[in-house]
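Structure assessment
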Amino acid sequence: SSGINAEYGGGSSIESLKSLLDIQTEFFSSQAPQNISLLKTDENESFVKALPSKPISFVFNETNSLSVIVSNVPNTATEPRLAGLFKSVGKVDGIQRDKKANTAIVTFQDSASVSRLLNGQCNYSMDGSKLQIGQYDDSGASYDSTFLVVGNLPPSATSQKLHEIFKFAGKINNVDINRDLNFALLNFEQPQSAAKLLICGRRFMLDGHELDIEECSEDEGEEEFHATVYVGNVPEEMKKADLKHFFREFGEITRVNIRTKRQTGYRYAFLTFGSRSSAIALIQSSHSKQYKFQGNVLKISKRQ
């Protein structure tokens with residue numbers, strides 16, 4: 001390593017030091033063929049490699065980010081192919097594609113993987129397109145609440161387990177689990193932490209359940225927190241206005257959040273009523289009555 005000067009721009013964590021060693025090896029390997037002279041000896045006419053006389057210098061910048069943004073992604077690229085392309089630097093935890101912009105946000109399990117990728121000397125391409133890789137800047141995320149809702153909890157969920165899963169995003173002041181409606185309210189110290197969790201693109205599993213993360217306004221209060229109903233099997237044609245109109249008989253609906261599972265395309269929604277009694281009335285009604293929209297049977301239940 002005497003031929004390499006590395007300026008380390010981060011902390012001294014074990015993962016970061018491992019990253020630095022990986023990048024040194026990778027950088028030296030990629031540079032050596034271009035800088036090595038081949039000398040012919042008079043004794044045995046063999047060729048020996050002469051290392052460059054000047055040391056190789058580079059800057060290693062550590063990042064705390066979990067994601068990178070990849071540009072110039074061809075339309076033929078799939079999430080499994082992209083994950084396989086970057087698996088040498090770390091485990092990919094999620095990919096968000098934007099085919100119109102030809103970009104993808106790739107999220108890793110740890111920031112050391114992002115550091116390896118950003119500081120590496122490898123050129124990545126796919127189907128003839130040279131990929132451009134940059135750090136994903138989530139500082140401009142437009143979410144100003146410190147609260148988030150976590151749904152689809154397993155019976156074994158505890159505040160401590162949820163705290164361990166989500167503490168990477170920032171300091172959590174409180175985790176409030178509602179057993180009746182089967183979801184939890186996370187209260188972060190900073191809204192930037194909540195925004196980081198919302199947009200990170202990772203899948204979070206707890207005892208076989210994939211957790212759902214959704215927005216929650218700070219001014220909702222406990223009443224709105226408990227006044228939300230889960231509606232599953234929502235067809236593509238059904239919009240927010242349709243849901244409000246469809247269930248208007250149970251009371252005022254103050255919020256409609258329609259979501260789609262990336263892996264399956266399954267659509268579901270959360271309806272927040274003006275009062276908890278309205279939510280309970282809809283849930284009780286669904287026990288004896290089917291609600292259909294254009295032939296699709298909507299699945300009504302407590303918030304999952």
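Residues numbered from 1 in each chain as written. Predicted model: local features only at pLDDT ≥ 70, side-chain atom pairs only at ≥ 80, totals over all residues. Heavy atoms only, no water.

Re the overall build of the protein
- Within the protein, the regular secondary structure consists of eight helices and 21 strands.
- The proportion of buried residues among the 304 residues of the protein is 40%.
- Long-range contacts, defined here as pairs at least 24 residues apart, represent 68% of the contacts in the protein between residues at least 6 apart.
- Of the roughly 16,500 Å² of accessible surface on the protein, a fraction of 47% belongs to carbon and sulfur atoms. (Helix = DSSP H or I, 4+ residues; strand = E, 2+ residues; numbered from the N terminus. Buried < 20%, exposed > 50% of the residue type's maximum accessible area, 1.4 Å probe, protein only. Contact = heavy atoms within 4.5 Å. Areas by Shrake-Rupley, 256 points an atom, 1.4 Å probe, with all protein chains shown as cover.)

Structural notes on the side chain of Ser 286
- With respect to the helices, strands and loops of the structure, Ser 286 is situated in helix α8 (residues 276-286).
- Take Ser 286: its relative accessible area is 18%, and that puts it in the buried class.
- Among all residues touching Ser 286, those that are not within four sequence positions of it are Tyr 291 and Ile 300.

A word on unusual backbone geometry
- One non-glycine residue with positive phi stands out, namely Asp 127, at about 50°.
- Here Asp 127 is to be found in the loop between β8 (125-126) and β9 (129-130).
- What makes Asp 127 partly exposed here is its relative accessible area of 46%.
- The residue Gln 294 is not glycine, and still its phi comes out positive at about 50°.
- The exposure class assigned to Gln 294 is exposed, which follows from its relative accessible area of 59%.

So, the packing of aromatic side chains
- Taken as a whole, this structure holds 11 aromatic pairs when the rule is applied.
- Members of the aromatic cluster, each reached through a chain of ring pairs, are Phe 246, Phe 247, Phe 250, Tyr 291 and Phe 293. (Phe/Tyr/Trp six-rings, centres within 6.5 Å; stacked < 30°, edge-to-face > 60°.)

Quick notes on the pairing of strand β21 (residues 296-302)
- Pairing of strand β17 (residues 228-232) with β21, which is carried by four bridges, proceeds in the antiparallel orientation. Within β21, the residue paired with Val 229 across the bridge is Lys 302.
- Pairing analysis gives three bridges linking strand β20 (residues 291-293) to β21, with the strands arranged antiparallel. The residue of β21 that forms the bridge with Tyr 291 is Leu 298.
- Hairpin geometry of β20 and β21 is characterised by an intervening segment of two residues between the two adjacent antiparallel strands and by a positive phi of about 50° at Gln 294. (Pairing = 2+ DSSP bridges.)

What is shown is where atoms sit, not what they do.
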